[in-house]
Amino acid sequence: MLSRMTTNADGPQPRPRRRTPAGAAVLREDVTEAIRAAVFEELAAVGYARMSIEGIARRAGVGKTAVYRRWRSKLHLVLDIVSAIAVQGLPAPDTGSLESDLRLLYEVTSRALRHPIASQVIPDLQAEAARSPEIAEAMRKALRDGQEGVALKIVAAAERRGEVRAGLDGELALDLISGPLYWRAVVIRSPKLPKGYLAALSHATAEALKAL
């Protein structure tokens, strides 16, 4: 295709072709990750209701345009990030016994839930979930689906070892495994777990699963 022509004192001249967008025109992954990190920090600092695109951009060290090019509103931004938690999941422990698998899972989950940012963000989003079906669904996926995959792998391994009977109710098993720790860390927000709590919880949960 011929280039467009411009005219000057020397006669017609070819107009430079436009270059393919590059650099800033491409969504850089490092900028995207900086924005995601800023969202968690901003949620912990001011909560969802007071959180703004301006505040997120300032914390991430980018312009508002960089945020809006990726998400059209703070709701969609938060939904995207919260939903991503579900697919990240947790590594399924494989220690050789049901009780020790549960103990390792509880140690990892407890540390994650008691992280200063998570301990502020999760309760705040739960409150918002009561007013927003979209946030409620994202929270359900983040808090349930991620745990479900790990819990069912732990139960399946215990079945193969003969520690529990085959065909356990997956819903009930998930409630038994995940319920107590989330109750303490997220619902009543106990500032510190009693000494020996995770060991006792692991033993009690393993015995309950074996009794099903």
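For every chain, the first residue of the written sequence is number 1, and numbering continues from 1 onward in sequence order. Reporting of local features is limited, given that this is a predicted model, to residues whose pLDDT is at least 70; pairs of side-chain atoms are given and counted only at 80 or more, and all residues count toward the totals for whole chains, interfaces and linings. Hydrogens and water are ignored here; the side-chain numbers use all heavy atoms of the structure.

Structural notes on the environment of Leu79
Note the cut-off: Helix and strand assignments follow DSSP, with helices taken as H or I runs no shorter than four residues and strands as E runs no shorter than two, numbered in order from the N terminus. Every residue pair with non-hydrogen atoms within 4.5 Å of one another is taken to be in contact.
By secondary structure assignment, the location of Leu79 is in helix α4 (residues 74–88). Placed 58 residues apart in sequence, Leu79 and Glu137 show a C-alpha to C-alpha distance of 9.0 Å. Leu79 has contacts with Glu134, Ile135 and Ala138, leaving out every residue within four places of it along the chain.

So, the side chain of Arg70
Quick note on the threshold: Exposure classes here rest on a 1.4 Å probe applied to the protein chains alone. A residue is buried below 20% of its type maximum, exposed above 50%, and partly exposed in between. Positive charge is attributed to Lys and Arg, negative charge to Asp and Glu, and no charge count is given to His or to the chain ends. Just to be clear on terms, a salt bridge is a Lys or Arg side-chain nitrogen sitting within 4 Å of an Asp or Glu carboxyl oxygen. What qualifies as a polar contact is a pair of N or O atoms within 3.5 Å, subject to a donor-acceptor requirement within protein and to the restriction that residues adjacent in sequence count only when both atoms come from side chains.
Here Arg70 shows up in the loop between α3 (64–68) and α4. Asp30 is the oppositely charged side chain nearest to the buried, salt-bridge-free Arg70, at an N-O distance of 6.4 Å. Within the structure, Arg70 has its side chain in polar contact with the side chain of Thr32 (distance 2.7 Å). Every residue in contact with Arg70, bar those within four places of it in the chain, is listed here: Leu27, Arg28, Val31, Thr32 and Ile35.

A word on the packing of helix α5 (residues 98–113) against helix α7 (residues 133–161)
Operational definition: Axis definition: a line fitted to C-alpha atoms, over the contacting stretch in the case of helices. Angles run 0 to 180 degrees between N-to-C directions. Every angle not falling under 35 degrees, over 145, or within 65 to 115 is termed oblique; those three ranges are roughly parallel, roughly antiparallel and roughly perpendicular. Each crossing is labelled by how the near helix is turned from the far one, with a counterclockwise turn of less than a right angle marking it left-handed and a clockwise turn marking it right-handed. In this classification, the charged set is Asp, Glu, Lys and Arg, the nonpolar set is Ala, Val, Leu, Ile, Met, Phe, Trp, Tyr, Cys and Pro, and all remaining amino acids, among them Gly, are polar.
Axis separation between α5 and α7 bottoms out at 10 Å; the angle between their running directions is 165°. Comparing their axes, α7 and α5 come out roughly antiparallel. The element α5 and its partner α7 pack so that their crossing is right-handed. Mapping the contact onto sequence places Leu98, Asp101, Leu102, Leu105 and Thr109 in α5 and Gln147, Val150, Ile154, Ala158 and Arg161 in α7. Here the residues of the contact of α5 with α7 are counted per class, giving six nonpolar, two polar and two charged.

What about the nonpolar core?
In plain terms, the rule: Among the buried residues, those of types Ala, Val, Leu, Ile, Met, Phe, Trp, Tyr and Cys that are joined through side-chain atoms within 4.5 Å form a nonpolar core.
If you look at the biggest cluster of nonpolar residues, it comprises 32 residues, and the most contacted ones within it are Ile35, Val39, Tyr48, Leu77 and Leu125. Apart from the residues lying within four places of it in its own chain, the contact partners of Ile35 are Ile56, Ala60, Val62, Ala66, Val67, Arg70, Trp71 and Leu77. Tyr106, Ile154, Leu174 and Leu181 belong to the second-largest nonpolar core, a separate cluster that totals 21 residues.

A closer look at the packing of helix α1 (residues 29–50) against helix α2 (residues 53–60)
Where α1 meets α2, the closest approach of the two axes is 8 Å, and the angle between their N-to-C directions is 120°. Taken together, the axes of α1 and α2 are oblique relative to one another. Crossing angle aside, the handedness with which α1 passes α2 is right-handed. Counting all contacts with α1, which are made through Ala34, Ile35, Ala38, Val39, Glu41, Glu42 and Ala45, the residues of α2 involved are Gly55, Ile56, Arg59 and Ala60.

Here's the deal with the packing of aromatic side chains
The following threshold applies: Any pair of Phe, Tyr and Trp rings, taking the six-membered ring for Trp, is counted once the centres come within 6.5 Å. Such a pair is stacked with planes under 30 degrees apart, edge-to-face with planes over 60 apart, and tilted for the rest. Only when the NZ of Lys or the CZ of Arg is both within 6 Å of the ring centre and within 35 degrees of the ring normal is a charge said to sit over the ring.
Applying the stated criterion to the full structure yields zero aromatic pairs. Here Lys74 stacks its cationic end above the ring of Tyr48, 4.5 Å away from the centre of that ring. The residue whose ring lies beneath Arg184 is Tyr197, and the NZ or CZ to ring-centre distance is 4.7 Å.

Brief notes about α1
Note the cut-off: Here, expected helix span is obtained from the residue count minus one, scaled by 1.5 Å. A residue's bend is simply the angle between two axes: one fitted to the seven residues ending at it, one to the seven starting at it.
For α1, which comprises 22 residues, the first-to-last C-alpha distance of 26 Å sits more than 12% below the rise-based estimate of 32 Å (1.5 Å per residue). The largest bend along α1 measures about 85° and falls at Ala44. Restricting attention to buried positions, one finds in α1 the residues Val31, Thr32, Ile35, Ala38, Val39, Glu42, Leu43, Gly47 and Tyr48.

Focus: a nonpolar patch on the surface
Filter applied, for reference: Two joining distances apply to patches: 9 Å for like charges and 5 Å for nonpolar side chains (Val, Leu, Ile, Met, Phe, Trp, Tyr), and every residue must have over 30% relative accessible area and no salt bridge. For the accessible areas, the method is Shrake-Rupley and the probe is 1.4 Å, while residue cover comes only from the protein chains on display.
The grouping of Trp183, Val187 and Ile188 at the surface amounts to a nonpolar patch, some 310 Å² of accessible area in total. Tracing the sequence through the fold places Ile188 in the loop between α8 (170–187) and α9 (197–211).

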